[in-house]
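Fold and geometry: a report
Below, each chain spelled out in residue letters.
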Amino acid sequence: GAGVSQTPSNKVTEKGKYVELRCDPISGHTALYWYRQSLGQGPEFLIYFQGTGAADDSGLPNDRFFAVRPEGSVSTLKIQRTERGDSAVYLCASSISPDTGELFFGEGSRLTVL
Amino acid sequence: EDQVTQSPEALRLQEGESSSLNCSYTVSGLRGLFWYRQDPGKGPEFLFTLYSAGEEKEKERLKATLTKKESFLHITAPKPEDSATYLCAVQSAGGTSYGKLTFGQGTILTVHP
């Protein structure tokens with residue numbers, strides 16, 4: 001596609017439920033990133049994939065968060081037992097290689113946990 | 001731990017009124033400093049990368065500069081379409097990739113016609 005695509009754009013769920021957020025990066029981009037942005041704050045790094053493997057997951061806040069990229073393209077961020085504090089915009093970004101900080105961001109998935 | 005602080009938090013300008021946004025940072029070896037623009041409801045859009053003190057980059061009405069402690073984003077004769085949140089981010093040496101960035105909280109710029 002022309003840009004990074006994220007679905008759903010909005011997700012409302014109840015505390016304790018399981019959520020999946022999907023990211024379709026720009027074709028040919030090998031590096032994929034997930035960031036989280038709370039209201040009034042800058043994006044916060046969660047995890048980085050180079051190809052199919054998670055090269056750096058140091059930003060995942062706890063073991064309720066997990067992400068996969070099984071075929072080196074589409075990625076899914078999975079959140080178990082959601083908590084109200086998980087409410088934020090989850091941004092996905094891709095880049096043509098890990099050697100650049102020029103990231104192409106999607107529009108984000110806004111998660112609201114009631 | 002890398003830290004980025006942006007000021008002011010919000011800036012209101014009249015069209016044509018030039019000004020600067022500040023980004024102060026502490027990082028264990030700077031690999032790169034980045035400026036992004038974010039419109040409401042959208043993801044950040046890349047503007048500039050700066051690598052070393054003294055470096056400058058320009059794009060239309062924007063010019064980014066870098067010192068050892070801070071970066072400035074100068075906006076010359078702004079237009080209403082320059083209204084957005086401007087984000088500064090750093091990447092430290094030794095990181096796993098250039099894309100693992102530490103962002104500041106952003107400066108919300110509003111330009112009135």
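Structure: above.
The structure presented is a predicted model; accordingly, all values stated were derived computationally and were not measured. (Residues numbered from 1 in each chain as written. Chains lettered and ligands numbered in written order. Predicted model: local features only at pLDDT ≥ 70, side-chain atom pairs only at ≥ 80, totals over all residues. Heavy atoms only, no water.)

This part takes up the overall build of chain A. Along the backbone of chain A there are zero helices and 11 strands. Element order for chain A, N to C, with α for helix and β for strand: β-β-β-β-β-β-β-β-β-β-β. Over its C-alpha trace chain A gives a radius of gyration of 13 Å, about what one expects of a compact globule, namely 13 Å for 114 residues. Within chain A, contacts between residues separated by at least 24 positions form 53% of all contacts whose residues are at least 6 apart in sequence. Carbon and sulfur atoms provide 47% of the accessible area of chain A, an area that totals close to 5,400 Å². Placing the 11 positive and 13 negative side-chain charges of chain A at their respective mean positions leaves the two points 10 Å apart. (Helix = DSSP H or I, 4+ residues; strand = E, 2+ residues; numbered from the N terminus. Rg over C-alpha atoms; globule rule 2.2 N^0.38 Å. Contact = heavy atoms within 4.5 Å. Areas by Shrake-Rupley, 256 points an atom, 1.4 Å probe, with all protein chains shown as cover. Lys, Arg positive; Asp, Glu negative; His and termini not counted. Charge placed at Lys NZ, Arg CZ, Asp CG, Glu CD.)

Contacts between the two partners involve 18 residues from chain B and, on the opposite side, 22 residues from chain A. In this assembly, chain B packs against chain A so that about 1,600 Å² is buried in total across both faces, 54% of it on carbon and sulfur atoms. In this structure, the connection of chain B to chain A is made through two salt bridges. The partner of Asp56(A) in a salt bridge is Lys100(B), and the shortest N-O contact between them spans 3.0 Å. (Buried area = accessible area lost by both parts, 1.4 Å probe. Salt bridge = Lys/Arg side-chain N within 4 Å of Asp/Glu carboxyl O.)

All names here are of chain A. Evaluation of the coordinates by the stated rule reveals two disulfides over all chains. There is a disulfide in this structure between Cys23 and Cys92, and the S-S distance comes to 1.9 Å. On the S-S bond that ties Cys23 to Cys92, the torsion sits near -65°, and the link is left-handed. With Cys23 in strand β3 (residues 19-24) and Cys92 in strand β9 (residues 88-95), this pair connects stretches of sequence that are 69 residues apart. (Disulfide = S-S within 2.5 Å.)

Let's shift gears to the pairing of strand β6 (residues 56-59) of chain B. Put simply, side chains in a regular strand alternate between the two faces of the sheet. Residues and elements named next belong to chain B. In this sheet, strand β7 (residues 62-66) lies alongside β6 in antiparallel orientation, the contact comprising four bridges. Bridging across to β7, Glu58 finds its partner in Lys63. Connecting β6 to the next strand, β7, in antiparallel fashion are two residues, including Glu60 with a positive phi near 55°. (Pairing = 2+ DSSP bridges.)

This part takes up the pairing of strand β3 (residues 19-26) of chain B. Residue and element names in this part refer to chain B. Bridge count for strand β1 (residues 3-7) against β3 is five bridges, and the pairing is antiparallel. Across the sheet, residue Gln3 finds its bridge partner in β3, namely Thr26. The pairing of β3 with strand β8 (residues 70-75) spans six bridges and is antiparallel. Within β8, the position partnered with Leu21 by the bridge is Leu73.

To continue, consider the sheet that holds strand β8 (residues 75-79) of chain A. Residue and element names in this part refer to chain A. Strand order in this open sheet of four strands is β1-β3-β8-β7, and the pairing throughout is antiparallel. Strands at the two margins of the open sheet, each flanked by one partner only, are β1 (5-7) and β7 (65-68). Put simply, the sheet's adjacent strands are angled 15° from each other on average, direction ignored. When β1 meets β3, the two strands line up antiparallel, connected through three bridges. Pairing of Ser5 across the sheet is with Asp24, part of β3. (Axes fitted to C-alpha atoms, helices over the stretch in contact; angles between N-to-C directions.)

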